[in-house]
Amino acid sequence: MTDEARRNKGVLLPVRKAIVQSPIGLHARPAAVFVRAVTDSGLPVRIGKEGIAPVDARSLLEVMTADFHCGCEVELSIDPDALPARYSVESAEAALEGLMLLLEADAAA
């Protein structure tokens with residue numbers, strides 16, 4: 001995704017990178033825990049990795065079929081076209097930071 005695609009009304013939206021720490025990657029329970037956290041955030045988060053187009057992180061099916069294995073680097077971003085008006089860039093950054101920590105702490109396992 002280009003910087004231009006991340007812009008929403010001239011404001012650069014946050015992006016975070018994380019290393020998936022779950023021994024089974026984002027499959028089964030770890031994927032469900034991650035997707036639930038994304039859904040609870042209320043934000044249109046996307047997750048991708050090199051060679052794979054970002055998918056909707058609110059979709060368990062999309063996350064599980066994208067093959068985010070243990071040790072892979074993922075990019076978490078906000079879909080600029082779907083960002084609810086009630087969210088500030090700061091709140092989006094905080095949400096992505098929390099999701100990044102979830103993936104890297106193996107808390108989803």
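These numbers come from a predicted model, not from an experiment. (Residues numbered from 1 in each chain as written. Predicted model: local features only at pLDDT ≥ 70, side-chain atom pairs only at ≥ 80, totals over all residues. Heavy atoms only, no water.)

**Student:** Help me understand the pattern of salt bridges in this model?
**Tutor:** Two side chains of opposite charge can pair, provided their charged atoms sit close to one another. Inspection of the entire model under this criterion finds three salt bridges. Notably, a salt bridge pairs Arg16 with Glu97, separated by 2.9 Å at the nearest N-O pair. With Arg16 in strand β3 (residues 15-19) and Glu97 in helix α3 (residues 89-104), this residue pair connects regions lying 81 residues apart in the sequence. On the accessibility criterion, Arg16 (21% relative accessible area) is partly exposed. Looking at Glu97, the relative accessible area reads 30%, which means it is partly exposed. (Salt bridge = Lys/Arg side-chain N within 4 Å of Asp/Glu carboxyl O. Helix = DSSP H or I, 4+ residues; strand = E, 2+ residues; numbered from the N terminus. Buried < 20%, exposed > 50% of the residue type's maximum accessible area, 1.4 Å probe, protein only.)

**Student:** Even after reading the chapter, I still don't get the state of the cysteines, so can you show me in this structure?
**Tutor:** Covalently bonding the sulfur atom of one cysteine to the sulfur atom of another cysteine gives a disulfide. One pass over the structure, following the stated rule, counts zero disulfides. In this structure Cys70 is a free cysteine whose sulfur lies 8.4 Å from that of Cys72, the closest cysteine sulfur available. A relative accessible area of 38% places Cys70 in the partly exposed class. (Disulfide = S-S within 2.5 Å.)

**Student:** Explain the environment of Leu99 to me, please; I cannot follow it from the model alone.
**Tutor:** Within the fold, Leu99 resides in helix α3. Expressed as a C-alpha distance, the spacing of Leu99 and Ala37, which sit 62 residues apart in the sequence, is 7.2 Å. Beyond its immediate chain neighbours, meaning those up to four positions away, Leu99 contacts Phe34, Ala37, Val38, Val45 and Leu76. (Contact = heavy atoms within 4.5 Å.)

**Student:** Is there a simple way to explain the nonpolar core in this structure?
**Tutor:** Counting 31 residues, the largest nonpolar core has Leu26, Phe34, Val45, Ile47, Phe68 and Leu76 as its most contacted members. Elements with a contribution of two residues or more to this core: α1 (28-41), β4 (45-49), β6 (73-78) and α3. If you tally residues by element for this core, the top one is α3, at eight residues. Dropping the residues within four chain positions of it, Phe68 is found in contact with Val20, Gly25, Leu26, Ile47, Gly48, Lys49, Val55, Val63 and Val74. (Core = buried A, V, L, I, M, F, W, Y, C linked by side-chain atoms within 4.5 Å.)

Read these as spatial facts, not as claims about activity.
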